[in-house]
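An overview of the molecular structure
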There are 2 protein chains.
Amino acid sequence: MNQNSMSRRNFLIALAEAGGASALYGAMVTMGLMATPTAYAGPPELPAGSGKGKKIVIIGAGLAGLVAAYELSKAGYHCTILEARGRCGGRSKTVRAGDKIHESDSVQICKFDSGKEMYCNLGPARFPTDHSALIGYCQELGVELQILNNHNPFAYLHDDSAFAGKPLQIREVSTNSRGFISELLAKAISKNVLDKELSKDDKEKMRMLLKAYGDLNDVFLYKGSDRSGYAKGGRVNLGIKKAPIDLSELLKSDFWHYKMNWGEILGQGPMMLQPVGGMDMIIKGFEKKVSHLVTKNAVVKKIINTTKGVTVVYHEKKEEKTIHGDFCINTIPIPVLKGIETDFSAEFNRAMHAVPYLNYLKIGFQAKRRFWEKDCHIYGGISWTNQDITQIWYPSSGFNSQKGIVVGAYIFDNAISEKIGKLTPTQRLALAKKQGQKIHPTYSDDVEHGVSCAWHKVPYSLGAMTIEAEHLIPILEKPQGHTYMAGADISYLGHWQEGAVLSSHHTIERIHQRVQKE
Amino acid sequence: MNQNSMSRRNFLIALAEAGGASALYGAMVTMGLMATPTAYAGPPELPAGSGKGKKIVIIGAGLAGLVAAYELSKAGYHCTILEARGRCGGRSKTVRAGDKIHESDSVQICKFDSGKEMYCNLGPARFPTDHSALIGYCQELGVELQILNNHNPFAYLHDDSAFAGKPLQIREVSTNSRGFISELLAKAISKNVLDKELSKDDKEKMRMLLKAYGDLNDVFLYKGSDRSGYAKGGRVNLGIKKAPIDLSELLKSDFWHYKMNWGEILGQGPMMLQPVGGMDMIIKGFEKKVSHLVTKNAVVKKIINTTKGVTVVYHEKKEEKTIHGDFCINTIPIPVLKGIETDFSAEFNRAMHAVPYLNYLKIGFQAKRRFWEKDCHIYGGISWTNQDITQIWYPSSGFNSQKGIVVGAYIFDNAISEKIGKLTPTQRLALAKKQGQKIHPTYSDDVEHGVSCAWHKVPYSLGAMTIEAEHLIPILEKPQGHTYMAGADISYLGHWQEGAVLSSHHTIERIHQRVQKE
Ligand SMILES: Cc1cc2nc3c(=O)[nH]c(=O)nc-3n(C[C@H](O)[C@H](O)[C@H](O)COP(=O)(O)OP(=O)(O)OC[C@H]3O[C@@H](n4cnc5c(N)ncnc54)[C@H](O)[C@@H]3O)c2cc1C
Ligand SMILES: Cc1cc2nc3c(=O)[nH]c(=O)nc-3n(C[C@H](O)[C@H](O)[C@H](O)COP(=O)(O)OP(=O)(O)OC[C@H]3O[C@@H](n4cnc5c(N)ncnc54)[C@H](O)[C@@H]3O)c2cc1C
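What you see is a predicted model, and the numbers here were worked out from it, not measured in a lab.

All names here are of chain A. Near ligand 1 there are 38 residues, and of these Glu83, Arg91, Arg126, Ala488 and Gln497 occur at the shortest range. Contacts to ligand 1 include Ala64, whose backbone N or O atom sits 2.9 Å from an oxygen atom. Elements with a contribution of two residues or more to the shell around ligand 1: helix 2 (63-74), strand 15 (298-305) and helix 15 (497-517). When residues of the shell around ligand 1 are assigned to their parent elements, the largest contribution, three residues, is made by strand 15. Considered class by class, the residues forming the shell around ligand 1 number 25 nonpolar, nine polar and four charged. Two domains share the shell around ligand 1, each providing at least three of its residues, namely domain 2 (55-90 + 281-354 + 467-517) and domain 3 (94-146 + 360-457).

Here it is in structure tokens:
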């Protein structure tokens, strides 16, 4: 330890003695000595009464609209939410026994058994632990949270074009990848070809790191690892290691494109959270606070600014109605907004039409028995396949009970979603059963009562979410007269409920500031 | 697809049509085309009445003893469990408000608040999802399970001798490691020094794999990755990547010895499970079935075989008593058994004395506020440090509530356990607070009411578990006359409750076979 760090240490000790832990913490953060978690400051603080009775018309009772109504009402604004659907929540849709799924050309009725765990989140299903604004509301609204297992090494990777189509456990693929990479790099280091990159001392340490990282043997070769699980034994007798998989087959597969790295991706790594009993528990929490402000089945057709405010025209049970507000918060999803008459700027319209949008498609099944737990030791997590269904998701709760709900397809790819979206609901389920069978051989016998949702065909959503539209946000979030766009679609977390909440906060803060000035 | 695989495929399709999914499954497993999960066949099937009223003396009401009594009773054996302590469960000890912790020279009383989540598992705390025998009992006994987060990338790694003692998030360390390793190997491959190991085609694919694996840029360099989390932004504005950490510092640290690989280790990878409300819920489940068979405070002193059975001498409230059985199942942990008078073979005694044993030490604290969730977005998981406390474990349930229990030290190393075990309970807590402070700067203000347990000082345990004793099991499990050793200590899963269960099954199966023959 050098002079400098000694005196720094003495300083910190003195500070701790004088000022206690918090003073020490502040100083250490300043000095860069501590991890600096980004604490969440809470929703915008709008003093009670500061709303001065201003009238706010909020379009959409999705998460963004509900948050806005909740916070603004507390501050004395008069809020009305116009919601096109007969329910609140928008993209946050959880289905249970008897619920309906509307697409442009079909209506499905969910036939699941009833029960606390018998739900399927057709929209959002998980969030990472640093989505503090959302988590803050869960706490405030009494929504109980539990762990969602988003990456389970016991689940499978499957690619028809590698390993003869045999599914491999994720842990086998990741262990072998680490092994191959580590062995190859250890060899290269020994050949002294990386001497520019690594000092002599670091070379040796790096080889030791690789040995630990890849579970190499004493001569730095990868000869299989028990991290893949045993080939046999290990319970009532000695465990026998699995042989390494074939590297060329691994390279042939699509496993490494992103699937085996899933748990590493920002926002997708463990641990993630979910509300107990379904994602819409959050919506239900807000409804307890603001449902009296919501007009359902109110389909907005026109948003026109006036000199002093804004006029919104909507249809309620085929009747045209008009409402005036001092401000309007518009959370209509971008694909739907394109079809609404507004007086927004040409710049806004150009940006709106430039936003790329994703078509997600999800399928859910009731399982007669929890075969993934019983047969495969899988408790939560995701299996991946190169087939259209892309994923099978297992529930992270209700363990050891008889039945459960699995996600039988979760399709990200726009073209595949469109293709499968063209099938009838019945055809989709038949296809998902057949494809699931390649991962779980008893699948089609075990699942029943499927539901599906092609989000691009769902009225008032017409898609799932934006992608790579961050550069357009500064334009889209500019107020159009007295109208403010809000919602996940114009947030930097556009794939997440947290984005809807933060965008809502950002919007009400700006309206509030304007009201205080006026 | 070649001829061969086409005809194989046709065969499988025909089979599926003829025999349904299960026939297909059987065939595919046989042909090596399917993943083959090792299904658990359940506990030994002992027909009702097959016990013929034989008397079994079981020593120890830990998990192994309880399982034996439960299964044997069902089959018509007459079981008596002699348990030295005033409670069942042995090493499965969960403490709550008012519970006592006995060590050879101290008694602690747990001062936690009461509440469903206000418990600390001083012994077992987690199990992997393939511990099917244990999970089977949880199902049978109605013990509700939930996910235990055992590896949380948001938790910290801390080493006084690297990064100026600043804790790093695990995800930062693992992302950077992947980045460094991938960049170095991509460079080596480009230098054509691994041409013997990789075909031309595989070389190119391997570079692409490394790009995805390490999140390298377009010229295959690692320049930081958002997988580490952002340095700033990413919520209401664009996220800015963190710079890469210093490779030499990483190599200096002890992170890579095993801590950053923790989630990869067999049996420790995600996902793991825990019973809702504390590990001893499993014990309580068994107690509902067999507590009437348990004599508590019965300290066995002598086990002597007779020609037809076995005689066990024990002390109950200072009174010497004797009990005879047709068989004895002895689950006394090895360090305790060394002090018991028996007539076991010299071979057994030699093996018993050769078994290496571990001294684990755990400390638990009540936290006044869940600072790890609020300040650091940590929901479950483990932070690691090179200090004596080794770990801080965060609870995987009770999220968003006010208080909670953290494990403030979990020490694996025998020498450190012994050193800390020599401190008084009060001294241990002071030390753990001070060390925890280096990871969480408000730690010592936030935690209170600590408890500790140095297992090697706990009567009737005298240690935590065996290590690398597998080669001795064949000797130790040989019957000594009518006495059979059972329990985790003589199982191939010696660190796990599953081992205790399986060893118990193995033992009752052998006794049962002998009874059927006699
Ligand atoms: C398949 C899928 C998976 C997802 N997964 C996750 C996840 O795992 N985690 C996560 O955090 N997020 C996820 N998301 C994103 C999340 O659902 C959204 O970010 C969030 O729900 C958006 O809320 P919002 O209020 O901005 O928009 P919406 O929920 O779309 O609300 C807009 C509202 O406006 C209404 N509306 C539309 N047109 C009109 C009109 N003309 N007149 C009146 N009202 C109208 C709609 O009916 C709707 O209620 C997912 C989304 C989808 C689709
Ligand atoms: C700190 C620690 C952490 C652990 N972590 C995990 C984990 O996370 N997951 C997991 O699955 N496992 C874990 N284990 C291992 C697990 O606790 C054991 O495998 C299991 O509890 C052993 O059960 P058993 O019945 O074999 O032995 P024990 O539970 O030790 O039972 C032996 C019984 O014999 C009694 N006894 C002793 N001497 C006498 C005598 N002379 N007369 C009468 N009775 C006597 C004892 O009081 C005790 O009740 C952990 C253990 C420890 C100590």
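Right, let's talk about the packing of aromatic side chains for a bit. Across all of its chains, the model carries 40 aromatic pairs over all chains by this definition. An aromatic cluster is built from Tyr258, Trp262, Tyr360, Trp384, Trp393, Tyr410 and Phe412 of chain A, whose rings are joined through pairwise contacts. Over the aromatic face of Tyr213 of chain B sits the side chain of Arg178 of chain B, whose NZ or CZ is 3.8 Å from the ring centroid.

Another aspect to go through is the relation of the copies chain A and chain B. Overlay of chain A on chain B (RMSD 0.0 Å): rotation 180°, translation along the axis 0.0 Å. The transformation just described matches what one would write down for a two-fold rotation axis. The C-alpha atom lying nearest the rotation axis in chain A is that of Leu185 of chain A; the distance is 2.6 Å. Mapped onto chain B, 99% of the interface residues of chain A again fall at the interface, so both copies present the same surface.

The next subject is the nonpolar core. Met206 of chain A together with Met206 of chain B are the most contacted members of the largest nonpolar core, which totals 263 residues. Residues in contact with Met206 of chain B, not counting those within four places in the same chain, are Ile181, Leu184, Leu247 and Leu251 of chain A together with Leu185, Ile189 and Leu198 of chain B.

The tally for this structure, following the rule as stated, stands at 54 salt bridges over all chains. Two residues, Glu197 of chain A and Lys187 of chain B, come together in a salt bridge whose shortest N-O distance is 3.6 Å. Here Glu197 of chain A, found in the loop between helix 4 (170-190) and helix 5 (200-214), pairs with Lys187 of chain B, found in helix 4 (residues 170-190), and the two come from separate chains. Classification of Glu197 of chain A by relative accessible area gives partly exposed; the value is 24%. With a relative accessible area of 23%, Lys187 of chain B lands in the partly exposed category. With its nearest N and O atoms 2.6 Å apart, the salt bridge here joins Arg235 of chain B to Glu498 of chain A. Here Glu498 of chain A lies in helix 15 and Arg235 of chain B lies in the loop between strand 11 (230-232) and strand 12 (240-241), a pairing that spans two chains.

Residues and elements named next belong to chain A. Among the ten residues of helix 3 (residues 132-141), seven are classified as buried, and the element is accordingly described as predominantly covered. All buried positions along helix 3 are accounted for by Ser132, Ala133, Leu134, Ile135, Tyr137, Cys138 and Leu141. Structurally, helix 3 contributes buried residues whose contacts are with helix 2, strand 7 (127-128), strand 8 (145-148), strand 13 (272-275), helix 7 (281-290) and helix 15.

For the rest of this paragraph, the subject is the pairing of strand 15 (residues 298-305) of chain B. All names here are of chain B. In the sheet, strand 15 pairs with strand 16 (residues 310-316) via seven bridges, with the strands oriented antiparallel. Among the inter-strand pairings, Ala298 is bridged to a residue of strand 16, identified as Glu316. When strand 15 meets strand 19 (residues 341-342), the two strands line up parallel, connected through two bridges. Counted as the bridge partner of Ile303 is Thr342 from strand 19.

Residues and elements named next belong to chain B. Pairing in this open sheet of three strands is antiparallel, and the strands run 7-13-8 from one edge to the other. In this open sheet, the two strands that pair with only one neighbour each are strand 7 (127-128) and strand 8 (145-148). Note that strand 7 and strand 13 (residues 272-275) share two bridges and pair antiparallel. Each residue of the ladder has a partner; that of Pro128, found in strand 13, is Met272.

Residues and elements named next belong to chain B. The contact between helix 2 (residues 63-74) and helix 3 (residues 132-140) brings their axes to 13 Å, and the two run at 60°. Comparing their axes, helix 3 and helix 2 come out oblique. Of the two possible hands of crossing, helix 2 and helix 3 adopt the one that is left-handed. From helix 2, Leu63, Val67, Tyr70, Glu71 and Lys74 reach across to helix 3, where they touch Leu134, Tyr137 and Glu140. Classifying every residue of the contact of helix 2 with helix 3 gives five nonpolar, no polar and three charged.

Further remarks concern helix 3 of chain B. Residues and elements named next belong to chain B. Where helix 3 is concerned, the buried positions are Ser132, Ala133, Leu134, Ile135, Tyr137 and Cys138. Contacts from the buried residues of helix 3 go to helix 2, strand 7, strand 8, strand 13, helix 7 (281-290) and helix 15 (497-517). Looking one or two residues beyond helix 3, the residue adopting positive phi is Gly142, at roughly 70°.

Rules and cut-offs
Residues numbered from 1 in each chain as written. Chains lettered and ligands numbered in written order. Predicted model: local features only at pLDDT ≥ 70, side-chain atom pairs only at ≥ 80, totals over all residues. Heavy atoms only, no water. Near = heavy atom within 4 Å. Polar contact = N/O pair within 3.5 Å; in protein donor to acceptor, adjacent residues only side chain to side chain. Helix = DSSP H or I, 4+ residues; strand = E, 2+ residues; numbered from the N terminus. Nonpolar A, V, L, I, M, F, W, Y, C, P; charged D, E, K, R; others polar. Domains from an automatic or database assignment. Phe/Tyr/Trp six-rings, centres within 6.5 Å; stacked < 30°, edge-to-face > 60°. Lys NZ or Arg CZ within 6 Å of the ring centre and 35° of its normal. Least-squares fit on C-alpha atoms with pLDDT ≥ 70 in both. Contact = heavy atoms within 4.5 Å. Core = buried A, V, L, I, M, F, W, Y, C linked by side-chain atoms within 4.5 Å. Buried < 20%, exposed > 50% of the residue type's maximum accessible area, 1.4 Å probe, protein only. Salt bridge = Lys/Arg side-chain N within 4 Å of Asp/Glu carboxyl O. Pairing = 2+ DSSP bridges. Axes fitted to C-alpha atoms, helices over the stretch in contact; angles between N-to-C directions. Parallel < 35°, antiparallel > 145°, perpendicular 65-115°, else oblique. Left-handed = near helix turned anticlockwise from the far one by under 90°.

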